[in-house]
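Structural characterization, general
One letter stands for each residue in the lines below.
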Amino acid sequence: MSSKKNKPIKLEELTKEELIKYEIAEELGLLDRVLEDGWRSLSSKETGRIGGLLARRKRAEEKK
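So, here is what we can say about the structure in this document.

Cut-offs applied
Residues numbered from 1 in each chain as written. Predicted model: local features only at pLDDT ≥ 70, side-chain atom pairs only at ≥ 80, totals over all residues. Heavy atoms only, no water. Helix = DSSP H or I, 4+ residues; strand = E, 2+ residues; numbered from the N terminus. Buried < 20%, exposed > 50% of the residue type's maximum accessible area, 1.4 Å probe, protein only. Contact = heavy atoms within 4.5 Å. Areas by Shrake-Rupley, 256 points an atom, 1.4 Å probe, with all protein chains shown as cover. Core = buried A, V, L, I, M, F, W, Y, C linked by side-chain atoms within 4.5 Å. Patch = residues over 30% accessible without salt bridge, like charges linked within 9 Å, V, L, I, M, F, W, Y side chains within 5 Å. Salt bridge = Lys/Arg side-chain N within 4 Å of Asp/Glu carboxyl O. Lys, Arg positive; Asp, Glu negative; His and termini not counted. Charge placed at Lys NZ, Arg CZ, Asp CG, Glu CD. Phe/Tyr/Trp six-rings, centres within 6.5 Å; stacked < 30°, edge-to-face > 60°. Lys NZ or Arg CZ within 6 Å of the ring centre and 35° of its normal. Expected span 1.5 Å × (residues − 1). Arc of directions from axis to C-beta.

To continue, consider the overall build of the protein. Looking only at helices and strands, the protein has three helices and zero strands in total. When its helices and strands are written in sequence order, the protein yields α-α-α. Taking all 64 residues of the protein together, 19% fall into the buried category. In the protein, the share of contacts with a sequence separation of at least 24, taken over all contacts with a separation of at least 6, comes to 44%. Surface accessibility of the protein: about 5,600 Å² in total, with carbon and sulfur atoms responsible for 50%.

One finds Leu 14, Ile 20, Tyr 22, Ile 24, Ala 25, Leu 30, Leu 31, Val 34, Leu 42, Ile 50, Leu 53 and Leu 54 forming the largest nonpolar core, which totals 12 residues. Among the secondary structure elements, those contributing two or more residues to this core are helix H1 (16-27), helix H2 (31-37) and helix H3 (44-63). Here the element with the most residues in this core is H1; it accounts for four residues. Excluding anything up to four places from it in sequence, Leu 54 contacts Glu 17, Ile 20, Lys 21 and Ile 24.

We now examine a negative patch on the surface. Residues Glu 26, Asp 32, Glu 36 and Asp 37 make up a contiguous surface patch of negative charge. A total of three residues in the negative patch trace back to one element, the largest contributor, which is H2. Inspection of the secondary structure puts Asp 32 in helix H2.

Counted under the stated rule, the structure contains one aromatic pair. Lys 21 extends its terminal NZ or CZ atom over the ring of Trp 39, reaching a point 4.6 Å from the ring centre.

Moving on to the environment of Tyr 22. For Tyr 22, the location among the structural elements is in helix H1. Given the relative accessible area of 17%, Tyr 22 is considered buried. Between the alpha carbons of Tyr 22 and Val 34 there is a distance of 8.6 Å; along the sequence they are 12 residues apart. Not counting the four nearest positions on each side in its chain, Tyr 22 is found in contact with Ile 9, Leu 14, Leu 31, Val 34, Leu 35 and Trp 39.

Here H3 spans 29 Å end to end across 20 residues, near enough to the 28 Å set by a 1.5 Å rise per residue. Within H3 the residues assigned to the buried category are Ile 50, Leu 53 and Leu 54. An end-on view of H3 places all buried positions within 105° of arc, on one side of the element. What points out from H3, more than 90 degrees from its buried face, is the exposed set Ser 44, Lys 45, Glu 62 and Lys 63. Of the surrounding secondary structure, the elements contacted by the buried residues of H3 are H1.

Put into structure tokens, the structure is as follows:
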């Protein structure tokens, strides 16, 4: 196994979209895995779900 560098997440450096992505991952119960092993540890189904919810929220924001 290759060793991965665990870079701490600096919330102040994240874009609004990235913050929403982390928020959605938390809501789906995936945040612990993302923080521990990175986004690559998620299945395509899980990342698709996050992407779909992210797109839905962006559309909702645009309508406001």
